[in-house]
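# Report on the structure
Listed below, chain by chain, are the residues.
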Amino acid sequence: MAKLIEVKDASFSYHGKDYIWQNVNLSVEQGDSVCILGANGCGKTTLFNCIAGNFQLAKGAINIDGKPIGDYSITELAKTIGIVYQEHSVAFPYTSLEVVRMGRTPYLSAFQTPSQADTDMAYGIMEEMGIAHLAEKPYSRISGGQRQLVLIARTLCQTPKAILFDEPTSHLDFKNQALVMKTLKNLSAKGMTIIMTSHSPAHAWQVSNKTVLMGKGGIIAQGTPQQVMTAENLEKTYDVRVKIHRSELDDAAFFCEPAFEDL
Amino acid sequence: MAELQKQAHFRETKQSRVKWAIIMVLPFVIFFASLFMGRYAVSPKEVVQIFANYFFGANFTPTWEDSAAKVIIQVRFPRAVMAALVGAGLSSSGAAFQGMFQNPLVSPFILGVSAGASFGAAMGLVLSLPSIGVQAMAFVFGIVAVAITYFLAHIYKSTPVLMLVLSGTVVSAFFQALLQILKFTAEGDEKLPAITFWLMGSLGSVGLNDLVISIIPIIICLIGLWILSWRINVLSMGDREARSLGVHTERIKVGIIIFSTVLTSTAVSICGIIGWVGQVIPHFCRMLVGPDHKKLIPATMFVGASYILIVDNLCRQLTATEIPLGILTAIIGAPVFAFLLRKTKGGWN
């Protein structure tokens, strides 16, 4: 399989001071679903921002489709990689369809605005995701989970090769978290390459075929969730003892809990 | 789309066509009315004939006095065109800034253009420059103030909107202090009142020359904002998201700042400080055509033009002596703004 995203011997520092992390290597193939876990402040969002093209590495390289990320123009990058940031409210009540249609921006020249074909495509994607009923509703008045789905639909409008998700379920309630995770699983099942950061270890088992555990200074372990998600590795990652349970109802389902007595 | 939705959509487009027709025709109707309304009575028919004679070389036999033609061509016509352009410029730059700052309460003067221009004009008046000199000083210092704001806010190759707002406040305060110094030292009998009247804002002294100088930059900048209008939607989702959608956020921001600054600086240099237009009209237009800047920006241009035309007519006809335009826009604008705020409960979400 061709490598879609490759992070090679990467190190990062803010303004040339101490490295946040060093010698990070990560290779993502077409169709992979990668979940990056780590404690607060370990630098996983920084790594995310480097792959998103927002930050530059101090050392090493990031290649996308075999080409250094720095060689991509901002529009080219937007056509190749879609980014779903955490949902947030907006100042103006655009309709959800209008927000989804913004995903066509990288395909429009400076003087162009979205055509009827762009609107139809946006609506088609919303229909496919089962959120067509939100099309005419103001984006500012739908629930947080629905907003996240609208942002995912917008990213699909960019027809990217991979989608990055920055903690896609933070701030969401239980059902909305499930809704978003189901959408991610569906996307992954259809062959979309996904990279997500998360605070919930459960997400690694739920959606990823490649899990990355990050700690202070770099990657602690990476591999399939079955290889990586051990009590020992999670303890290193989060600095707390962890018990991992296998569900009695479903052999493939795992969940973990911290050792409360240690805290 | 389902058939029912299509029908609803069709009804909406029919309705919105009527709405747009009114929005677009209204400024022209008021413009025409502004030419024959006023203390010097000229009939609408005479206005048309005067125009035909003057601009198209027609040969209608004058049924009017020479001074009537002068009033129409040299006073009312430039004044009405200027009112429309200033209204369109202030309103659309207000809407563009509100989109860029992701805040519907922002005014087009937020980056310090009015404070800079006021200082420039006051300086021109203190130095006893001719009127064109005062205008040039106001225009240049308006631009200088915004340029300082921009460079203060520019960090790490980008210009975060919060930094822009804060720098704008600092620069405004500084130029206001300089203006106070000028007022404090200005001669009490002649120059201080001149500065004070200038700051109140008026279209009273606009002549054909002012129109000739300013019409081209204003129209270029209006077209510029109109071209950027859809991208302002994307920019209003936040810098980071806009970049992820392939938008050169810095270029769009610089474009908006340049077009809006030239528009507001020109407006201020020709007719002084006219407040509350850039806030009220975009709000009102959002109620009419929705938040999509592709529709909002052109709507603010037409509605803003109508608004200033109406208010300027009130200024010159309400009382025996002319009321300064800036006073009336504030007297009308502030309560209307308060009403809109209450009605929408403070937000547009």
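The notes below deal with the structure included here. (Residues numbered from 1 in each chain as written. Chains lettered and ligands numbered in written order. Predicted model: local features only at pLDDT ≥ 70, side-chain atom pairs only at ≥ 80, totals over all residues. Heavy atoms only, no water.)

Residue and element names in this part refer to chain A. The sheet built from four strands is open, its strands ordered β2-β1-β4-β5 with antiparallel pairing. Whereas interior strands pair on both sides, the edge strands pair on one side only; in this sheet they are β2 (19-29) and β5 (67-68). Judged from the five bridges that link them, strand β1 (residues 3-13) and strand β4 (residues 59-64) form a sheet pairing that is antiparallel. The residue bridging Ser11 from the neighbouring strand is Lys59, located in β4. (Pairing = 2+ DSSP bridges. Helix = DSSP H or I, 4+ residues; strand = E, 2+ residues; numbered from the N terminus.)

Bringing empty space enclosed by the protein into the picture now. Empty space among the atoms can be located by rolling a probe the size of a water molecule over them. All names here are of chain B. Taken as a whole, this structure holds one cavity of 30 Å³ or more when the rule is applied. By volume, the largest cavity amounts to about 70 Å³. Surrounding the largest cavity, Ser34, Arg76, Arg79, Ala80, Ala83, Leu309, Asp312, Asn313 and Arg316 form its lining. Among the elements of the structure, α3 (66-100) and α12 (293-317) are those that each provide at least two residues to the lining of the largest cavity. (1 Å grid on protein atoms, 1.4 Å probe; cavity = no way out; pocket = protein on both sides within 12 Å on 5 of 7 lines; lining within 4 Å. Points joined across faces, edges and corners; volume = space filled by probe spheres on them.)

Right, let's get into the interface of chain B and chain A. How big an interface is tends to be stated in terms of accessible area lost as the parts join. Taken together, the contact between chain B and chain A spans 31 residues of the former and 34 residues of the latter. Here chain B and chain A share an interface that buries about 3000 Å² over both sides, 60% of which is from carbon and sulfur atoms. In this structure, Arg154 of chain A and Glu241 of chain B form a salt bridge, with 2.7 Å as the shortest nitrogen-oxygen distance. Elements that contribute at least two residues to the side of chain B that touches chain A include exactly α3, α8 (208-235), α9 (239-244) and α12 of chain B. Here the residues of the side of chain B that touches chain A are counted per class, giving twelve nonpolar, twelve polar and seven charged. (Contact = heavy atoms within 4.5 Å. Buried area = accessible area lost by both parts, 1.4 Å probe. Salt bridge = Lys/Arg side-chain N within 4 Å of Asp/Glu carboxyl O. Nonpolar A, V, L, I, M, F, W, Y, C, P; charged D, E, K, R; others polar.)

Attention now goes to helix α6 (residues 174-189) of chain A. Residue and element names in this part refer to chain A. An ideal rise of 1.5 Å per residue puts 22 Å on 16 residues; α6 measures up with 22 Å between its terminal C-alpha atoms. Listed as buried for α6 are Asn176, Val180, Met181, Thr183, Leu184, Leu187 and Ser188. Axial view of α6: buried residues confined to an arc of 155 degrees, hence all on one face. Those residues of α6 that are exposed and aimed more than 90 degrees away from the buried face are Phe174, Lys175, Lys182 and Ala189. Elements that come into contact with the buried residues of α6 comprise β3 (33-38), α5 (144-157), β7 (162-166), β8 (193-198) and α7 (201-207). The distance from a side-chain oxygen at the start of α6 to the backbone nitrogen of Lys175 is 3.3 Å, and the residue carrying that oxygen is Asp173. Downstream of α6 by one or two residues, Gly191 has phi in the positive range, about 100 degrees. (Expected span 1.5 Å × (residues − 1). Buried < 20%, exposed > 50% of the residue type's maximum accessible area, 1.4 Å probe, protein only. Arc of directions from axis to C-beta. Polar contact = N/O pair within 3.5 Å; in protein donor to acceptor, adjacent residues only side chain to side chain.)

We now examine the packing of helix α5 (residues 131-153) of chain B against helix α6 (residues 161-185) of chain B. All names here are of chain B. As a packed pair, α5 and α6 sit with axes 8 Å apart at the nearest point and diverge in direction by 140 degrees. One way to sum up the angle between α5 and α6 is to call them oblique. The hand of the α5/α6 crossing is right-handed. Residues Phe141, Ala145, Ile148, Thr149, Tyr150, Leu152 and Ala153 of α5 form the contact with α6, whose own contacting residues are Met163, Leu164, Ser167, Gly168, Val171 and Phe175. Split into classes, the residues belonging to the contact of α5 with α6 amount to ten nonpolar, three polar and no charged. (Axes fitted to C-alpha atoms, helices over the stretch in contact; angles between N-to-C directions. Parallel < 35°, antiparallel > 145°, perpendicular 65-115°, else oblique. Left-handed = near helix turned anticlockwise from the far one by under 90°.)

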